[in-house]
Amino acid sequence: MANAPLNTKSNANPNATATAQPAKIETRLCAITFFARLHPGDVCGSNGLPLTPNSIAILGRAQRLRELEHENLCQYLDVIRGKHERTIVVSEYSGCTLEEHAKRSSLSQTQILRIFYQVACGINVLHAHKLVVHNLEPKHILIQEQDHVKLFNYGLYHMTKGGAYVPFPIGNIRYMAPERLLGANGNIKSDVWALAMMMLELLLQTTLWPKLKLSNIARKILAFGRSNNVLERIAREHDCYNLYQQLDVDVRALLERCLSVPLSQRPLPSELLAYPCFDPQREELRAPSNGTVDAAPLPLLLRCPLSQIYHLWQLAGGDVQAELKKEGLIRSEAPILALPQVVRLNGSSAGPKRSQSYLMDDRIVPLKLNTLVQRLRRLPASVYFPLIHSPRFPYEFAGEMQQLPLVIRERDIEYQFHRVRLFARLLQGYPHTAELLQREAAVDIPPLLRGPVWAALLEVIPNSSYAKIDKFTATSTDRQIEVDIPRCHQYDELLSSPDGHRKLKRLLKAWVTAHPQYVYWQGLDSLTAPFLYLNFNNEELAFLSLFKFIPKYLQWFFLQDNSAIIREYLSKFSQLTAFHEPLLAQHLASINFIPELFAIPWFLTMFSHVFPLHKILHLWDKLMLGDSSYPLFIGIAILKQLKSTLLTSGFNECILLFSDLPDIVMETCVIESQKMYESTPKSITHRKHALRQQPPQTLDIGIDDVELKHLLAEQCPRISAKDVLHLVQHAPGELALIDLRSVVEFARVQVPHSINIPFATVLLGEQRLDALNVPQLEMQLRGRVVVCVSNIHQHAVEFSQFLVACGILRTCILHKGFNVLHSIEPNILIST
Amino acid sequence: MATTPRSGGASGAAQRPNGTSQNKSCQFKLVLLGESAVGKSSLVLRFVKGQFHEYQESTIGAAFLTQTICIEDTVVKFEIWDTAGQERYHSLAPMYYRGAQAAIVVYDIQNQDSFQRAKTWVKELHKQASPNIVIALAGNKADLSNIRVVEFDEAKQYAEENGLLFMETSAKTGMNVNDIFLAIAKKLPKNDGANNQGAGAGRRLNENETNRQTNNCCK
Ligand SMILES: Nc1nc2c(ncn2[C@@H]2O[C@H](COP(=O)(O)OP(=O)(O)OP(=O)(O)O)[C@@H](O)[C@H]2O)c(=O)[nH]1
Ligand SMILES: [Mg+2]
C-alpha cells in the first residue's frame, strides 16, 4: 500500500502521548489494532474455494505468543477479529515507554545498562522460542518502577508472518539492521543491532537522523557496509564524538560488536548477556529485590494471573471494541460512502479513496480495570486463595448460585472468579487433588480452565511422549486427513486458521502413528477438534486427552474392521431406548428406523460431528464424568427431546429430522442423560467391547456371555444377578421382580416380594397389562426396575417384549435366569 | 427450464397443483456414491436447497434428504441417500444402494483416483444393485476445468460404453446440477407400476422388510 507509513512513529496521532503517562496500578491491559491485508475480492485458491482471510491466519499464529510468560515480556492475552479484517491485539501494558522515560529525565549510564540488560533478556527468551522481534524501538520498551523493563508488541512480526499478512511494513527504519533493508529477515541478530542503536541514542544523548527522509536513512544504514566502525561513524555524524570517546571501554566494545555489519561478528542475545559491562546488572538481578516490600501492597486481584484478570474483565462487561471506539480508533462510516463510482468489466474500480481510518494507527488503548477491582473488592481473601484442604472446605459459596442455569453461572463474574481460583488451585495440586477435582467438576467447569480440567478428568499426566511421535512421514491416510481438515468445524476462527490446520494434521497423524492397531476413520477429525480448540497452545495436552478419551468411550471403534463393535453398540443403544423410552422404541422399530441410519456419526464422534463446538463443550463436561455407557444416554436424551415429532412421523420425516439435527437444548439433554445414567443399573449397559477396569466377578455378566445375536434378538437388556441382589438388599422399593415360573416352582422357592405370573398362563397377543389379570400390576411396576425372571430364557425375552409394548419403563431380563439366584450367598430366597 | 425443484420436500406425498387429475406422482430412491471430498454432499445441497457451503462437513455414515421436481405432468420425489466417501465406510454402502432406483456416481475432474474409484462403484452397482437401476456419472468441480486431470471425452466414452448418463457438474456454480437429477428423472420409468416401487423406498433398508413395501405410487 503506497500510503501506508513506513515509519509508524511519524504518523502517530498526537493523542498518543496521553496514554503513555505513568501507568496507574489499574492499567495493566491494553489493546492495539490494525488491519490485515485484504485479499482481492474475486481471488480463489487452487481448489476454487475462497482464501482464508489474513486476519484468521494472524489469529492462528498469534496464539503461540499467549504462552510466553517472562518478566521482561508483556504477556499477550487475546487476538480479536473485527469487521473488514480488523485485528485487535490485547496485551499486558504497564509503565511508560522508553521514549517517554528518556524525555522525562536524562538517564545515567547505569540506568541505561540496567534497561538494556533486561531488553537483552527479553530478546534472549524470544530467541529460545525461535522468534524474532524486528520492530524493536523505544516505544516498544516499557519501563516500570525501579527500571523494570518489559518488551511490548514484540510479536507483531511473528503473528503477521513477517508482515506478509498486513499492508504495512514492520519495524522502525532507524533501528533496522542493514541486512533487513536488503531483505534478509528472521535473524535474532538484527534485533541485537536494534538494541545497540537504541542504546547508543541514549548514551550519546542524541536522536538518530532526526531530519532525514526515510529513503535517506535507508541509504545511510546501507552505507555502513563500507565502514569498519559504525559506532564511531554515527557519533561523528551526530556531532557527539566527544561523548563517544568518553564511553566506558566495555560499553563501547559491546556497542561496536553489536553494530558489526557482518552477522557472524554480531553477538547472540545470550552472548550479549555475558558481556562484562553487564556484570553489575547480572548481580543486581540475582539478588532478591526488596523494593516491593515498601511499595503499597497490590490489590489482591492483581496478584492473579493476567489471563484470569482479562477473562474476568470481559465477564465484567469489558468490551475491547467498545474501548477502541471510545478512543476513536474504530470509526464507523456509512458504507455507502465507500461504494465505487465506476467499476470496469475487468473488476477494477474507481471511487472514493480508502478512508483514513484504514491506515495504521499505532495508538495504545488502555483497558481499565477499575470496575473489575471495585466489583471484586468485597470478596474475602479466602476466595482469592482457597484453602482446599482446610477442614472448613467446602464452604458454601453461592450455594444457591448452583441452582441457576449453567449459562447464567458462566457469565456471573463473582461466581466465575470463585470457580477459576478454586480450579486453578486444584490443577496445581493435581494428581493429588483428583478426587476433589472430580467432585467440583460435577458441579460445573469454568470455561477458562476447561482444557486442563478435562485433561485431569481423563487422568492425563504429561510425559513428553508427544514430542517423540512421528507426525511427518507420509502415510496412506494423509489424503483423507487433508480433505477432512478443511471441512472440520471451519466456522471457528482458530480451527480454520492455517495454524489450526497444521496442528490438527499433526495430532491426527500422531494418533494414527501411536496406534498401529487402529486406522483413521472419517470422524476422528471432529473428535479431535474440541481438544485442539481447548488446548490450542498445548498440543501435547490435546493429544494426551484424545489418547485417553478414545479407549474410555470408543474402545475398538477405530479398528480397520469395526463392524462388530459398532453393531454391538447400536444394538445396546436400541435396548437402552426400549428400557427408558419403551413406546418410542416400539414406534421406531415399527417403522424400521434403525440406529445404523442415523446414530453412527453420533457415537463414532461422540456427537462432535453433529453439534457445534460450544454445545459439545457442555455435553462433554458431563460426559467426562461418566463411564463408557454415558454417551448412550445422551443419544436417548436426544431422542427424548424430539419424541413428540418422532412419534407422529413416518420413516422419511424421522430420518430427515436427523440429517439436519434441529436445535437440541443442551442443558436439558445433559440433565436428562445424567438422570438416566444414574437410574440405570450398571450391568444393563454391559457391552463385550467396552474397556474394563476390573475383571467381572461371579455374579456379573461374563465378558463373552452376551453375543450380538442375543442383543439383536432381545429387545430388553439383561441385568446381572449382582445388580438384582443389590436392589433386593439396598433398594427393594426400586425393584419389581416378575417371576415367570409355574405356581408350584414359585411356591417352592422365591425372591421375597416378587410377583408370580406363570408364563404358561399368559396370552401375549393383547398388548394390554390388564390382560394378565394381575390386580394393580401397573402400580406395582411403576417407578421400579422391572426384572423378568424365568428358567426358560425365551419366556423372559417374550414377556419383557410384551411389557415394552405395554409401555412399561425400565424392563429387563435376569441374566442366566432364576437358577443363578441359588448361587447367592448368603441366601436371599424364601419359600411359602 | 421446464422443471422447478421445490425446496424442502419433507412433507409426505407430492401435491398436485390445482388438483388436475392427470398429474401423477412418483417417489424414487437415489443414492450418491463416490470417493471422499468429490462433492457428493455439495451436489445434494445445491439440488435440495440451492446452496453451496465452502466448508461442507464431511459425511459420516450417510445423510438423507428429499427433493421434489415436476417433469411434464409428473411430480417426482427423490429420496436421496448421500453416503460417506471414505473407503472404510464401504461396508455400509449396500444398505443404501440396495433397492435404489437411481444412483449418481461422482468423481472430481481434478483427481484421477476419484475417477478410478467411480468406475469401481459402477461395477459394483452393476453386480449388486437392482438390475434396472439408472446410473449417472457426474464429473464434479467443473468450475475448475482449467486444472482438470480427467478429460471430458474420456469420461464421456466410458459412460457410453457402460450405459450411464453423464454430465460434468459444479456444485459451486450450480452448473448441470438440476439437469443431472432431471435427466435421471426422465429416464426412470414412471407409468409402469411394476417398476415403480418408490414409495416408502427409504424404508426398505432392511432385507426382512421387503415384503412390506407399499405399491402406491403413480396414482
Ligand atoms: N471448486 C469446487 N469445490 C467443490 C465443488 N463441490 C464441492 N466442492 C468442495 O469440495 C469439498 C468436498 O465436498 P463435499 O461435498 O463435502 O464432498 P463429499 O463427496 O460429500 O465428501 P465425503 O462426505 O467425505 O464423502 C468441499 O470443500 C466443497 O466445498 C465444486 O463443484 N467446485
Ligand atoms: Mg459428504
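Criteria and cut-off values
Residues numbered from 1 in each chain as written. Chains lettered and ligands numbered in written order. Predicted model: local features only at pLDDT ≥ 70, side-chain atom pairs only at ≥ 80, totals over all residues. Heavy atoms only, no water. Helix = DSSP H or I, 4+ residues; strand = E, 2+ residues; numbered from the N terminus. Buried < 20%, exposed > 50% of the residue type's maximum accessible area, 1.4 Å probe, protein only. Areas by Shrake-Rupley, 256 points an atom, 1.4 Å probe, with all protein chains shown as cover. Donors = N, O, S within 2.8 Å, 3.2 Å for Na, K, Ca; no water. Core = buried A, V, L, I, M, F, W, Y, C linked by side-chain atoms within 4.5 Å. Contact = heavy atoms within 4.5 Å. Pairing = 2+ DSSP bridges. Axes fitted to C-alpha atoms, helices over the stretch in contact; angles between N-to-C directions. Buried area = accessible area lost by both parts, 1.4 Å probe. Salt bridge = Lys/Arg side-chain N within 4 Å of Asp/Glu carboxyl O. Polar contact = N/O pair within 3.5 Å; in protein donor to acceptor, adjacent residues only side chain to side chain. Nonpolar A, V, L, I, M, F, W, Y, C, P; charged D, E, K, R; others polar. Lys, Arg positive; Asp, Glu negative; His and termini not counted. Expected span 1.5 Å × (residues − 1).

**Considering the overall build of chain B**
Helix and strand counts for chain B stand at five helices and six strands. The secondary structure elements of chain B, listed N-terminal to C-terminal, are β-α-β-β-α-β-α-β-α-β-α. In chain B, which comprises 219 residues, the share counted as buried stands at 56%. As displayed, chain B has an accessible area near 9100 Å², and 46% of this comes from carbon and sulfur atoms.

**A word on the coordination of the magnesium ion (ligand 2)**
All names here are of chain B. Taken together, Ser41 (OG) and Thr59 (OG1) make up the protein donors of the magnesium ion (ligand 2), found 2.0 Å from the metal. In this pair, Ser41 sits in helix α1 (residues 40-49) while Thr59 sits in the loop between α1 and β2 (62-71), placing the two residues 18 residues apart along the sequence. For the pair formed by Ser41 and Thr59, the shared burial category is buried.

**Here's the deal with the nonpolar core**
Core analysis: the largest hydrophobic core is formed by 250 residues, its most contacted members being A:Phe116, A:Phe558, A:Trp602 and A:Trp620. The contacts of A:Phe558, once residues within four sequence positions are left out, are A:Trp511, A:Tyr518, A:Val519, A:Trp521, A:Leu524, A:Leu527, A:Ile550 and A:Leu604. In terms of nonpolar packing, the next biggest core, distinct from the first, is built from 31 residues, B:Cys26, B:Val44, B:Phe47 and B:Ala185 among them.

**Section: the sheet that holds strand β11 (residues 735-739) of chain A**
Residue and element names in this part refer to chain A. Ordered in space as β10-β14-β13-β11-β12, the five strands form an open sheet in which the pairing is parallel. Here the strands that pair on one side only, and so sit at the sheet edges, are β10 (718-719) and β12 (755-756). Pairing between β10 and strand β14 (residues 811-814): two bridges, direction parallel. Looking at β14, one finds that Arg718 is bridged to Ile813. Across the sheet, helix α41 (residues 793-805) touches β10, β11, β13 (785-789) and β14, and the angle it forms with β14 is around 175 degrees.

**A word on the interface of chain A and chain B**
Every contact between the two is made by 39 residues of chain A and, on the other side, 42 residues of chain B. Of the roughly 3300 Å² buried where chain A meets chain B, counting both sides, 53% is carbon and sulfur surface. Summed over the shared surface of chain A and chain B, the result is one salt bridge. The closest approach of N and O atoms between A:Arg479 and B:Glu35, which form a salt bridge, is 3.5 Å. For the pair chain A and chain B, the number of links is 12 residue pairs in polar contact (both at pLDDT 80 or more). Mapped onto the side of chain A that touches chain B, the elements with two or more residues apiece are α24 (478-484), α31 (600-604) and α35 (651-659) of chain A. Across the side of chain A that touches chain B, the residue classes tally to 17 nonpolar, 15 polar and seven charged.

**Regarding the side chain of B:Glu79**
Tracing the backbone shows B:Glu79 in strand β3 (residues 74-83). Although B:Glu79 is buried, it makes no salt bridge; B:Lys77 carries the closest opposite charge, 5.0 Å away. Within the structure, B:Glu79 has its side chain in polar contact with the side chain of A:Asn652 (distance 2.6 Å).

**Examining the sheet that holds strand β5 (residues 134-140) of chain B**
Strands sit in the order β2-β3-β1-β4-β5-β6 (chain B) across an open sheet of six strands; the sheet is mixed. In the strand order of this sheet, the two ends are held by β2 and β6 (165-168) of chain B, each with one partner. Strand-to-strand twist of the sheet, defined as the mean angle between neighbouring strand axes without regard to direction, takes the value 25 degrees. In the sheet, β2(B) pairs with β3(B) via 10 bridges, with the strands oriented antiparallel. In the sheet register, B:Ala63 faces β3(B), and the bridge partner there is B:Asp82. Packing of α35(A) onto the sheet brings it into contact with β1 (24-33), β2 and β3 of chain B, and relative to β2(B) it is tilted by some 120 degrees. Of the strands in this sheet, β1, β2, β3, β4 (102-108) and β5 of chain B are in contact with α1(B), which crosses β3(B) at around 155 degrees.

**Some details on helix α33 (residues 630-641) of chain A**
Residues spaced three or four apart along an α-helix face the same direction, because each turn holds 3.6 residues. Residue and element names in this part refer to chain A. End to end, α33 covers 17 Å across 12 residues, agreeing with the expected 16 Å (1.5 Å per residue, within 8%). Judged by how many residues are buried, α33 sits mostly within the fold: 10 of 12 residues are covered. Taken together, the buried positions of α33 are Tyr630, Pro631, Leu632, Phe633, Ile634, Gly635, Ile636, Ala637, Ile638 and Leu639.

**Examining the pairing of β14(A)**
Where β13(A) and β14(A) come together, three bridges link them in parallel fashion. Paired with A:Val786 across the bridge in β14(A) is A:Thr811.

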